[in-house]
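Descriptive structure summary
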Amino acid sequence: MALKWLFLDMNAFFASVEQQENPRLRGKPVAVVPVMSDSTCCIAASYEAKRFGIKTGTNVGEARRLCPHLILIETTSHSHYREYHNAIVNVVESCLPVTEIWSVDEMVCKLWANEKRAEDALALGQKIKSEIFRNVGEQMCCSVGLSLNPFLAKVAGELQKPNGLVALDEEDLPHRLYKLKLTDFPGINRSMEARFHAAGVRTTEHMCALSQEQMRRVWGGVMGEYWWRQLRGEYVQRPTNERRSVSHTHVMPPELRTPAGAAAVQCRLLEKAAERMRGLGFYARGMGVFARGVAHDKWENHCRFAPCADTWTLMEIMQSLFHHPFRQPKQVGVALYDLVPVKNVTGSLFDDYERRWRLSVAMDGINQRFGRHTITMASSRRAETAKEDKIAFGKIAEIV
Ligand SMILES: [Mg+2]
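Residues numbered from 1 in each chain as written. Predicted model: local features only at pLDDT ≥ 70, side-chain atom pairs only at ≥ 80, totals over all residues. Heavy atoms only, no water.

- As recorded in an unreviewed UniProt entry, the protein goes by the name DNA polymerase IV, listed as coming from Capsulimonas corticalis.
- Of the protein, the UniProt comment under Sequence similarities (unreviewed entry) reads exactly: "Belongs to the DNA polymerase type-Y family." (UniProt positions renumbered as here; feature names shortened; annotations may be inferred.)

1. Here we look at the overall build of the protein
- Scanning the protein from N- to C-terminus turns up 14 helices and 13 strands.
- Residue burial in the protein is summarised as follows: out of 400 residues, 54% are buried.
- Sequence-distant contacts, at least 24 apart, represent 66% of the contacts inside the protein between residues at least 6 apart. (Helix = DSSP H or I, 4+ residues; strand = E, 2+ residues; numbered from the N terminus. Buried < 20%, exposed > 50% of the residue type's maximum accessible area, 1.4 Å probe, protein only. Contact = heavy atoms within 4.5 Å.)

2. Observations regarding the confidence of the model for the protein
- With 85% of its residues at a pLDDT of 70 or more, the protein has an overall mean of 84.
- This stretch, residues 347-352, has a pLDDT under 50; its non-local contacts, to residues over four places away or in other chains, come to 7 contacts.
- Confidence drops under a pLDDT of 50 for residues 385-400, and excluding neighbours within four residues, the segment shows 28 contacts in the predicted structure. (pLDDT = per-residue confidence, 0-100.)

3. Some details on the nonpolar core
- In this structure, L8, F13, I88, V92 and I132 are the most contacted members of the largest nonpolar core, which totals 40 residues.
- Those elements that place two or more of their residues in this core are β1 (5-10), α1 (13-21), α4 (81-95), β6 (106-110), α5 (118-135), β7 (142-147) and α13 (347-370).
- The biggest single contributor to this core is α4, with 7 residues.
- Counting only domains with at least three residues in this core, you end up with domain 1 (1-157) and domain 3 (245-390).
- Membership of the second largest hydrophobic core comes to 34 residues, among which are Y283, M287, V289 and V332. (Core = buried A, V, L, I, M, F, W, Y, C linked by side-chain atoms within 4.5 Å. Domains from an automatic or database assignment.)

4. Section: the sheet that holds β1
- Taking strand neighbours across the sheet as the criterion, the 5 strands line up as β5-β6-β1-β7-β8 in an open arrangement whose pairing is mixed. In this open sheet, the two strands that pair with only one neighbour each are β5 (100-103) and β8 (165-167). For this sheet, the mean inter-axis angle between neighbouring strands, taken without regard to orientation, is 15 degrees.
- On the sheet, α4 packs against β1, β5 and β6 and is oriented at approximately 15 degrees with respect to β6.
- Packed on one face of the sheet, α5 meets β1, β7 and β8 and runs near 160 degrees to β7. (Pairing = 2+ DSSP bridges. Axes fitted to C-alpha atoms, helices over the stretch in contact; angles between N-to-C directions.)

5. Considerations on the packing of helix α9 (residues 212-219) against helix α10 (residues 222-231)
- As a packed pair, α9 and α10 sit with axes 6 Å apart at the nearest point and diverge in direction by 135 degrees. One element, α9, and the other, α10, form an angle in the oblique class. Between α9 and α10 lies a crossing whose hand is right-handed. The segment α9 lies against α10, with Q212, M215, R216 and W219 engaging V222, M223, G224, E225, W227, W228, R229 and L231.
- Counted by class, the contact of α9 with α10 contains 7 nonpolar, 2 polar and 3 charged residues. (Parallel < 35°, antiparallel > 145°, perpendicular 65-115°, else oblique. Left-handed = near helix turned anticlockwise from the far one by under 90°. Nonpolar A, V, L, I, M, F, W, Y, C, P; charged D, E, K, R; others polar.)

6. Overview of the packing of helix α11 (residues 259-280) against helix α12 (residues 311-321)
- Where α11 contacts α12, the two axes come as close as 10 Å, and the packing angle between them is 140 degrees. In terms of their interaxial angle, α11 and α12 are classed as oblique. Like other packed secondary-structure pairs, α11 and α12 cross with a definite hand, here right-handed. Residues Q266, C267, L270, E271, A274, M277 and R278 of α11 touch α12, and the partners they reach there are T311, L314, M315, M318 and Q319.

7. Comments concerning the packing of aromatic side chains
- In this structure the tally under the stated criterion is 8 aromatic pairs.
- Considering the side-chain rings of W5 and Y235, the 5.4 Å spacing of their centres and the 10 degrees angle between planes classify their relative orientation as stacked. Residue W5 is found in strand β1, and its partner Y235 is found in the loop between α10 and β9 (245-251); the two are separated by 230 residues along the sequence.
- On the basis of relative accessibility, which here comes to 6%, the residue W5 falls in the buried class.
- If you follow K50 out to its NZ or CZ, it ends over the ring of Y47, 5.1 Å from the centre. (Phe/Tyr/Trp six-rings, centres within 6.5 Å; stacked < 30°, edge-to-face > 60°. Lys NZ or Arg CZ within 6 Å of the ring centre and 35° of its normal.)

8. Things to note about the coordination of the magnesium ion
- Summarising the metal site, the magnesium ion is bound by the protein donors D9 (OD), M10 (O) and D105 (OD), whose distances to it range over 2.2 to 2.3 Å.
- In primary-sequence terms, the residues that donate to the magnesium ion follow D-M-x94-D. Residue D9 is located in strand β1, and its partner D105 is located in the loop between β5 and β6; the two are separated by 96 residues in the primary sequence. In this pair, the class of D9 matches that of D105, namely buried. (Donors = N, O, S within 2.8 Å, 3.2 Å for Na, K, Ca; no water.)

9. Observations regarding α9
- Within α9, burial applies to M215, V218 and W219. Along the long axis of α9, the arc covered by the buried residues comes to 90 degrees, so they all point the same way.
- On its buried face, α9 sits against α7 (190-198), α8 (204-209) and α10.
- A positive phi of about 75 degrees marks G220, the residue just after α9. (Arc of directions from axis to C-beta.)

10. Here's the deal with α11
- The end-to-end C-alpha separation of α11 is 31 Å, in line with the 32 Å expected for 22 residues at 1.5 Å each.
- Counted residue by residue, α11 has 17 buried out of 22 residues, so it is predominantly covered.
- Looking at the residues trailing α11, positive phi occurs at G281, about 85 degrees. (Expected span 1.5 Å × (residues − 1).)

11. Focus: the sheet that holds strand β2 (residues 30-33)
- In space, the 3 strands of this open sheet follow the order β3-β2-β4, with mixed pairing throughout. Among the strands making up the open sheet, the edge pair consists of β3 (44-45) and β4 (71-74).

12. Details of the pairing of strand β11 (residues 298-308)
- Relative to β11, strand β10 (residues 282-293) runs antiparallel, the two sharing 8 bridges. Directly across from V289, in β11, lies its bridge partner N301.
- Counted between consecutive antiparallel strands, the loop separating β10 from β11 contains 4 residues, among which H296 sits at a positive phi close to 70 degrees.

Here it is as structure tokens:
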């Protein structure tokens, strides 16, 4: 089987941008933080900081303890990440078309027919790395993975970091994956890892040996089947491409059936929907909120707006829509609809929401890696603390 996909992942993106911008930071342990507070988490750590055990998601107080001379940079005081993102996309596009942008520092490209032999694909990957180095900056390292599908190409990029260039071809599967931890795979966070552990699966080798049915059971649905097929090199069309909306609803426990409780749950549902939507690579152009009272009476409200993907703006829109219609609300829900792919959103819109979008994406990264709600908006905190185990936020209703 020939190589078909190239995946590019910038290494320590936010920290590298800071080191590129400010030569005095180069070669030093740097962590990028959303706000200057010991109680928040690092969004990114330079490789010098990683040597002290500091990673994305490390608590800032802990990071300072691990490395007393750590340099902290507040992300909100800078606005050049999008420019770097655009510059990187342009460099990649000068070598081959970008098929899909997955995040601020990740993109995937389909290889042309004449690039599918390993030596040609590796040469192309090396060219892209060198062009980024030359045209974007010498601090801007990336890992390039090449494989049979986008998923395995991303995994190939994980095999060598930083500055990796790895091809994962049919004959490498699955044994070359075995050195990866379960959580090295995109999509396996701590809670998913716990599900594998509960099924007695602790290693990648064991995961790769599971049957399709066993994978389905561990994942609790069709995702397990997608994983099984993707691990074997199959290209699985993500069922999200036709997506028109992402929605979440929740029936609240009695102690939250107050206007304030409903508002907190509504915020949590929106946070989750927005994260999911960004993960799928979309902006929303419409929002609906709805509620039901204990007497099953219904209320809903809708509005449309310019494409938007950041949690803060969406939260403001929701707050203008939601008017606490019931004294005893029983169920609330939110839908983000009329979704548009990120690549179809124009630059000026990017500019308007750049800071908020950047923070939202950074929060998603932390929550995906360390478990949901590692970082949340203060407005949804109340829903989290009230009987966490009773709130089935894992149950997602998505209308496609
Ligand atoms: Mg990265």
